[in-house]
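# Structural overview
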Amino acid sequence: MLEKVEMRNFQTLNRAYNAVFRPGRLSVGLVVPLDPHGHDPVPDLTRHIERAQLADSLGFSALWLRDVPFNVPSFGDAGQVFDPFVYLGALSMATRNIALGVASMVLPLRHPAHVAKAAASADALSGGRLLLGIASGDRPDEYPALNMSFPDRGARFRDSVDYIRAMAESYPRIETAQGILTGGIDMLPKPTAGGLPLLITGGSQQSAEWVARNGDGWMTYPRDAAAQGLVVADYRRRIAEAGLPDKPVMQSLYVDLVEQPDAPPRPIHLGFQSGTVFLKRYLAELRDLGINHVALNLRFSGADIDDTMHRLAEALLPEFPNAEEQS
């Protein structure tokens, strides 16, 4: 029997966090690039802005991009190709309401001052629509290219979180392994809500207690229902034991939507092919397990992407809206 954790409110952060994450509810986002490039690691970016704007107009709650510094052939995925912070700036100007998320920024490969500056800039330019996923990284090939050590990335990850949190303060004072600030200089702009929403990905080389205490939410991976319910309950139990406000949980899901609404599921990489009926039922089950947001990845879609986005919006968003659509 799955462990039950008492439902409590999430803290109030920026516009994106408040709209995308609500206790007991689930919202739906999309992973960019919105291109069915299948097993080709490099997507076609011809219509990437147009499709981001379509996602915004259809009412999806978030767009998610990733930090992929190098195209590593063994990894098989070049992400959205563009640098995430440059891309966030472009999307900030091209969209109006949709949250803009990074899933996730590889902190040990970047100096935290640069991450804090760029992320606060994207948050300000978008009107508080940034959600910053953070991770320790899982591709060893990238670390030597930047003269970084892979085994100790967990320590640099923790250090970077402390540094980024401090940058939201005025004239911060902090001593870290990556820099010392004595209160004589400041960093601008500041995040719109007084701090950046930091969503920790997986374990990020940290203990489960550290993840529960130090993030503003948790990004996890698809699992079978029983396993997912257990890990979500364990995460929330650790938060409650620390005496902290509850925090949201999100996951990704690869989906290949077929035309027949009642088509049964067929497994694909980290997800399934199905019709809208099963997908809707599956998302409702995730919501009941405590998942607050699902980022759908259409990379392996066999149908026209624009048509698929319209069908997903029509079938899913009435039941899984974000907070701004409800108000």
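The coordinates are above.
Cut-offs applied
Residues numbered from 1 in each chain as written. Predicted model: local features only at pLDDT ≥ 70, side-chain atom pairs only at ≥ 80, totals over all residues. Heavy atoms only, no water. Helix = DSSP H or I, 4+ residues; strand = E, 2+ residues; numbered from the N terminus. Rg over C-alpha atoms; globule rule 2.2 N^0.38 Å. Buried < 20%, exposed > 50% of the residue type's maximum accessible area, 1.4 Å probe, protein only. Contact = heavy atoms within 4.5 Å. Lys, Arg positive; Asp, Glu negative; His and termini not counted. Charge placed at Lys NZ, Arg CZ, Asp CG, Glu CD. Expected span 1.5 Å × (residues − 1). Pairing = 2+ DSSP bridges. Core = buried A, V, L, I, M, F, W, Y, C linked by side-chain atoms within 4.5 Å. Phe/Tyr/Trp six-rings, centres within 6.5 Å; stacked < 30°, edge-to-face > 60°.

So, on to the overall build of the protein. In terms of regular secondary structure, the protein is built from 11 helices and 12 strands. A globule of 327 residues ought to have a C-alpha radius of gyration of about 20 Å, and the protein, at 19 Å, matches this closely. Seen through its principal axes, the protein has C-alpha atoms that stretch 60 × 45 × 40 Å. Burial statistics for the protein: of 327 residues in total, 54% are counted as buried. Put simply, 71% of the contacts in the protein that link residues at least 6 apart link residues at least 24 apart. For the protein, the separation between the mean place of its 31 positive charges and that of its 38 negative charges on side chains is 4 Å.

With that out of the way, let us pick up helix H9 (residues 276–289). Over its 14 residues, H9 extends 20 Å from the first C-alpha to the last, a length consistent with the 20 Å expected when each residue adds 1.5 Å. Turning to H9, its buried residues are Thr276, Phe278, Leu279, Tyr282, Leu283, Ala284, Leu286 and Leu289. Where the residues of H9 are buried, they touch strand E1 (27–31), helix H8 (225–241), strand E9 (249–257), strand E11 (271–274), strand E12 (293–297) and helix H10 (305–316). Backbone geometry just downstream of H9 places glycine 290 in the positive-phi region, at approximately 105 degrees.

Let's shift gears to the pairing of strand E6 (residues 179–182). Look at any regular strand and the pattern is simple: side chains alternate between the two faces of the sheet. Because side chains alternate across E6, one face comprises the buried residues Gly179 and Leu181, and the other comprises Ile180 and Thr182, none of which is buried. Summarising the sheet, strand E5 (residues 173–176) and E6 pair through four bridges and their orientation is antiparallel. The residue of E6 that forms the bridge with glutamate 175 is isoleucine 180.

Turning our attention to the nonpolar core. Ranked by size, the top nonpolar core spans 70 residues in total, and within it Leu30, Phe60, Leu63, Leu132, Leu279, Leu283 and Leu296 carry the most contacts. Top contributing element to this core by residue count: H9, with seven residues. Residues within four places of leucine 63 in sequence aside, it is in contact with Leu30, Val32, Leu34, Ala52, Ala55, Ile98, Ala99, Leu100 and Gly101.

Taken as a whole and assessed by the stated rule, the structure comprises nine aromatic pairs. Centroid distance phenylalanine 272 to phenylalanine 278: 5.0 Å. Interplanar angle 80 degrees. Geometry classified as edge-to-face. Taken as a pair, phenylalanine 272 and phenylalanine 278 share a single burial class, namely buried. Note on phenylalanine 272 and tyrosine 282: the rings are 5.0 Å apart at their centroids and 75 degrees apart in plane angle, and the pair reads as edge-to-face. Separated by 10 residues along the polypeptide, phenylalanine 272 in strand E11 and tyrosine 282 in helix H9 bring together distant segments of the chain. Through a chain of ring-to-ring contacts, the aromatic side chains of Phe272, Phe278 and Tyr282 assemble into a single cluster.

Here we take up the pairing of E5. Side chains Ile174 and Thr176 of E5 all project onto a buried face; the interleaved residues Arg173 and Glu175 project onto a face where none is buried. In sequence, E5 turns back onto E6 through a hairpin of two residues.

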